[in-house]
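# Survey of secondary and tertiary structure
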Amino acid sequence: MSVCIADAQAEHPPGPIADLIWTVDKPLMTFLFGTRNRWRRVFASNWPESKDIVCHKQMTLAVRI
């Protein structure tokens, strides 16, 4: 298995990415969003956009190739 760093695409599933971000600072995310499910809904609605702080255009991903 190889991994490369690639620009995120709107087609990438937002759920696993949202979960990873949540685990980086769970106390802060809990304060801001209350629950992981609420965070996931916010993230999923912003992910396909082209101008947002958590949209795919602002991120890179480690992708298996």
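Note that the structure is predicted; figures quoted are calculated from it, not measured.

### Thoughts on the confidence of the model for the chain
For the chain, per-residue confidence averages 94 on the pLDDT scale, and residues scoring 70 or more make up 100% of the total. Looking at the elements of the chain, mean pLDDT is at its lowest for strand S2 (residues 60–64), recorded as 91, and at its highest for helix H2 (residues 26–33), recorded as 97.

### Structural notes on the side chain of aspartate 19
Assignment of secondary structure puts aspartate 19 in helix H1 (residues 14–24). For aspartate 19, the contacting residues outside a window of four places in its chain are Arg36 and Arg40.

### Here we look at the pattern of salt bridges
Scanning all chains against the criterion turns up two salt bridges. Aspartate 19 is the salt-bridge partner of arginine 40, the closest N and O atoms lying 3.0 Å from each other. Separated by 21 residues along the polypeptide, arginine 40 in helix H3 (residues 36–46) and aspartate 19 in helix H1 bring together distant segments of the chain. Look at arginine 40 and you get partly exposed, because its relative accessible area is 32%. The buried category is assigned to aspartate 19, whose relative accessible area is 19%. Here the salt bridges do not stand alone but share partners, grouping Asp19, Arg36 and Arg40 into one network.

### Details of a nonpolar patch on the surface
On the surface, a nonpolar cluster with roughly 350 Å² of combined accessible area is contributed by Leu28, Phe31 and Leu32. By secondary structure assignment, the location of leucine 32 is in helix H2.

### Re the environment of tryptophan 39
As for its placement among the helices and strands, tryptophan 39 is situated in helix H3. On the basis of relative accessibility, which here comes to 3%, the residue tryptophan 39 falls in the buried class. Measuring from C-alpha to C-alpha, the distance between tryptophan 39 and aspartate 19 comes to 8.8 Å, with 20 residues separating the pair along the chain. Non-local contacts of tryptophan 39, meaning those with residues more than four positions away in its chain, are made with Ala18, Ile21, Trp22, Met29, Phe33 and Val54.

Thresholds, definitions, all that
- Residues numbered from 1 in each chain as written.
- Predicted model: local features only at pLDDT ≥ 70, side-chain atom pairs only at ≥ 80, totals over all residues.
- Heavy atoms only, no water.
- pLDDT = per-residue confidence, 0-100.
- Helix = DSSP H or I, 4+ residues; strand = E, 2+ residues; numbered from the N terminus.
- Contact = heavy atoms within 4.5 Å.
- Salt bridge = Lys/Arg side-chain N within 4 Å of Asp/Glu carboxyl O.
- Buried < 20%, exposed > 50% of the residue type's maximum accessible area, 1.4 Å probe, protein only.
- Patch = residues over 30% accessible without salt bridge, like charges linked within 9 Å, V, L, I, M, F, W, Y side chains within 5 Å.
- Areas by Shrake-Rupley, 256 points an atom, 1.4 Å probe, with all protein chains shown as cover.

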